[in-house]
Amino acid sequence: MQPTDIRNPAYFHKVVDCQWACPAHTPVPEYIRLIAAGRYSDAYLVNWKSNVFPGILGRTCDRPCEPACRRGRVEANNQDAKPEPVAICRLKRVAADLKDDIRDRLPKPPETKNGKRIACIGAGPASLTVARDLAPLGYHVTVFEADAKAGGFMRTQVPRFRLPEEVIDEETGYILDLGVEFVGGRRIDSMKKMLAENYDAVFVGCGAPRGRDLELPGRSEAAAHIHVGIDWLASVYFGHVEKVGRRVIVLGGGNTAMDCCRSARRLGGDEVKVIVRSGFEEMKASSWEKEDAIHEGIPILNYLVPKEFVHENGRLTGMVFEKVGAVRDEKGRRKLVPTGEPDQRFDCDEVLIAVGQENAFPWVERDIGITFDAEWDMPVVDKITMQSSLPHVLFGGDAAFGPKNIIWAVAHGHEAAVSIDKLLGGEDVYHRPAPAVEVISQKMGIHEWSYDNDISPDLRYKVPWADAKKTLKSIKLEVELGFDAETAWKETQRCLNCDVETVFTQNVCIECDACVDICPMDCITFTRNGDEADLRTRLSADAPNLTQDLYVSGELKTGRVMVKDEDVCLHCGLCAERCPTGAWDMQKFLIEMTNAGPGCHSKPARKVA
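Treat the numbers as computed from the prediction; the structure is a model and nothing was measured.

(A) Representation of the packing of aromatic side chains in the model. Inspection of the entire model under this criterion finds 13 aromatic pairs. Consider the rings of F12 and Y551, whose centres lie 6.5 Å apart with planes at 85 degrees: the pair is edge-to-face. Taken as a pair, F12 in helix 1 (residues 9–15) and Y551 in strand 20 (residues 550–552) lie far apart in primary sequence, 539 residues in all. Residue F12 shares its accessibility class with Y551, and that shared class is buried. Taken together, the ring pairs connect Y11, F12, Y551 and F589 into an aromatic cluster. Lying across the ring of F161, R266 places its NZ or CZ 4.0 Å from the centre.

(B) Structural context of helix 17 (residues 406–424). An ideal rise of 1.5 Å per residue puts 27 Å on 19 residues; helix 17 measures up with 27 Å between its terminal C-alpha atoms. Across the 19 residues of helix 17, 16 count as buried, placing the element largely inside the fold.

(C) View of the pattern of salt bridges. The tally for this structure, following the rule as stated, stands at 55 salt bridges. A salt bridge links D42 to R105; its shortest N-O distance comes to 2.6 Å. Remark: R105 occurs in the loop between helix 8 (88–98) and strand 1 (117–121) and D42 occurs in helix 4 (residues 40–51); sequence separation between them is 63 residues. Judged by its relative accessible area of 45%, R105 is partly exposed. For R132, the salt bridge is made with D133, and the minimal N-O distance between the two is 3.1 Å. No difference in accessibility class separates R132 from D133, as the two residues are buried. One network of salt bridges, with partners in common, ties together K149, R155, R160, E165 and D169.

(D) Quick look at the side chain of R536. If you trace the backbone, R536 turns up in helix 21 (residues 532–536). A distance of 3.0 Å separates a polar atom in the side chain of R536 from a polar atom in the side chain of E532. Only 2.8 Å separates the side chain of R536 from the backbone oxygen of A543, close enough to count as a polar contact. With near-sequence residues (within four places) excluded, R536 lies in contact with A543, N545, L546, Q548, D549 and L550.

(E) Examining the state of the cysteines more closely. Counted according to the given criterion, the structure contains zero disulfides. Summary of cysteine pairing: C65 is not part of a disulfide, and the nearest cysteine sulfur, belonging to C61, is at 6.1 Å. Residue C65 is classed as buried on the basis of its relative accessible area of 8%. Between C512, a free cysteine, and C579, which holds the nearest cysteine sulfur, the sulfur-to-sulfur gap is 6.1 Å. Judged by its relative accessible area of 41%, C512 is partly exposed.

(F) Summary view of the sheet that holds strand 21 (residues 561–565). Read across the sheet, three strands follow the order 19-21-20 without closing on themselves; strand pairing throughout is antiparallel. Two strands lie at the open edges of the sheet, namely strand 19 (524–527) and strand 20, each paired on one side alone. Strand-to-strand, the axes of this sheet are offset by a mean angle of 25 degrees, without reference to chain direction. When strand 20 meets strand 21, the two strands line up antiparallel, connected through three bridges. Along strand 21, the bridge assignment pairs V552 with V563.

(G) View of the confidence of the model for the protein. In this model, the protein carries an average pLDDT of 93, and 98% of its residues clear a pLDDT of 70 or more. When the criterion is pLDDT under 50, residues 603–609 qualifies, and its contacts beyond four places in sequence or with other chains add up to 17 contacts.

(H) Fine view of the nonpolar core. Counting residues in each nonpolar core, the largest one holds 64 residues, and the members touching the most others are V141, M191 and V204. Membership of the second largest hydrophobic core comes to 63 residues, among which are Y44, L91, C569 and A583.

(I) Region of interest: the sheet that holds strand 3 (residues 181–184). Here five strands make up an open sheet; going across it, the order is 3-2-1-4-16 and the pairing parallel. The strands lining the two open edges of the sheet, one partner per strand, are strand 3 and strand 16 (393–395). Each neighbouring strand pair of the sheet contributes to a mean axis angle of 20 degrees, computed without reference to strand direction. Sheet analysis places strand 4 (residues 201–204) next to strand 16, joined by three bridges and oriented parallel. The partner of V202 across the bridge, within strand 16, is V393. Those strands touched by helix 17 are strand 1, strand 4 and strand 16, and its axis lies near 165 degrees from that of strand 16.

(J) Seen up close, the environment of I455. Considering the arrangement of structural elements, one finds I455 in the loop between strand 17 (436–441) and helix 18 (468–471). Residue class for I455 comes out partly exposed when judged on its relative accessible area of 30%. Along the backbone, I455 and H25 are 430 residues apart, and their C-alpha atoms lie at a distance of 24 Å. Excluding residues that lie within four positions of it along the chain, I455 makes contacts with R71, L496, L570 and C572.

Rules used throughout
- Residues numbered from 1 in each chain as written.
- Predicted model: local features only at pLDDT ≥ 70, side-chain atom pairs only at ≥ 80, totals over all residues.
- Heavy atoms only, no water.
- Phe/Tyr/Trp six-rings, centres within 6.5 Å; stacked < 30°, edge-to-face > 60°.
- Helix = DSSP H or I, 4+ residues; strand = E, 2+ residues; numbered from the N terminus.
- Buried < 20%, exposed > 50% of the residue type's maximum accessible area, 1.4 Å probe, protein only.
- Lys NZ or Arg CZ within 6 Å of the ring centre and 35° of its normal.
- Expected span 1.5 Å × (residues − 1).
- Salt bridge = Lys/Arg side-chain N within 4 Å of Asp/Glu carboxyl O.
- Polar contact = N/O pair within 3.5 Å; in protein donor to acceptor, adjacent residues only side chain to side chain.
- Contact = heavy atoms within 4.5 Å.
- Disulfide = S-S within 2.5 Å.
- Pairing = 2+ DSSP bridges.
- Axes fitted to C-alpha atoms, helices over the stretch in contact; angles between N-to-C directions.
- pLDDT = per-residue confidence, 0-100.
- Core = buried A, V, L, I, M, F, W, Y, C linked by side-chain atoms within 4.5 Å.

This is the structure in structure tokens:
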């Protein structure tokens, strides 16, 4: 293998698994250390710069960072507990809950505008991110929203017992206070008319507003008692729905289904059950969302395909399901096949259909230059620039590539803002400068570091819940209470500081193998070189994770190379402490993602210390 080029911004970035996995590339270890130091406002602002909605995401994020967390791979738990990642998402909420008033530390509206006008359609996370990035640069950003208040689906489809209204008001308010013009209560019904208003760029962040229905026998006859999930959740938010029938079936296995069943439980549903056609493990809902529903006494029944709505004189009385099983063909493709068991009937008074969402663009005329694909009738969007075939019309969030989650919408908003800034500056939108990188030694003496390298043996701490007797009677009372300061500090100590990297200097190494002897995870090996597949078989410990790179030095004096498996490294610094020549050092890796503004117009300087 060739020596690893640690000057490549992506190399150490990929080692910080949580940050690499986050679509907005939030510097997770950095803000966790700030929380550990009690610097909650600083931790909040680190988050605010990248993920824009720390308080909202600290409650609702889909947490792609946590499955990536190295703690979940290296933790040696007892037999009664499974290895679990750091509670990254819940620590984000700690920063939001415990911060001071940070408004005077946010960007101020510019005194003069730059003359460029941007329209954002929809006031969800993607559009608000575009506004947040562009308004401080002098762009006049107007956000159009059909509802009276900003937030989009974060406000109308996420229940209040998960996300309080005041958190949405606060964090959308920070953005609107940057000088953004908000036009609430205006639904855009024609892209052609919008383009006629001569905006310099238009960003579409209207989400995926249409829930899928199920056209089964009995659907029309019992329509009064059958509801599409996302529409029903909005009706609950606006107060149009205040109660449900006693027996409720929720169809679907995603997070919307979990929100529906838990909401129904609070609105009078004594017998609420979720029924899915897939297996429990294959459900799209996050594992913690399923756990929360089950914790509230809601059973989840799987491998049942709906066949019929049963009704009497227009009154829904039940549903009939076919029992299926999952089998794989000779090519390994999975499909559901009937088991031959008798159909199953479940009595119910109301059904909530949460089997997916889809986009609807009847308001985008097909003769204005925006290309739609033939298969899904979706606009063709460039995955790098977020542009449509009409270059100054961009799409992001669910409106671009279909339903995902808030953090992906934020990431799309950042990229779209870069494209708009470069496009209106007359630059090539495909030239995206590399991130700025700093690598800084953490030495404070021979055996002392500026970070706490002690590894906490604690298991993941549980977030306390409010009394179920109260929460199950209120659609607005928040269930999770969040960590207090003491518990938050304990949870921060589980972080392995993966952004403090082990940096090897080969020309001072004397090949004494002291680092090999002291490494608690057997990460380091000195051996002859070879191709990657061969090297992975000759390391001190197995290196089966092919998604995590090997750190390989150049040839040493004996002809060997140093090979370090980054996958299970604790970043404890013992190798650097033990090394008699200083060939190993612990260096903090900081990466500044390229956002709209001066950084996207010229490549930032890279500093390596």
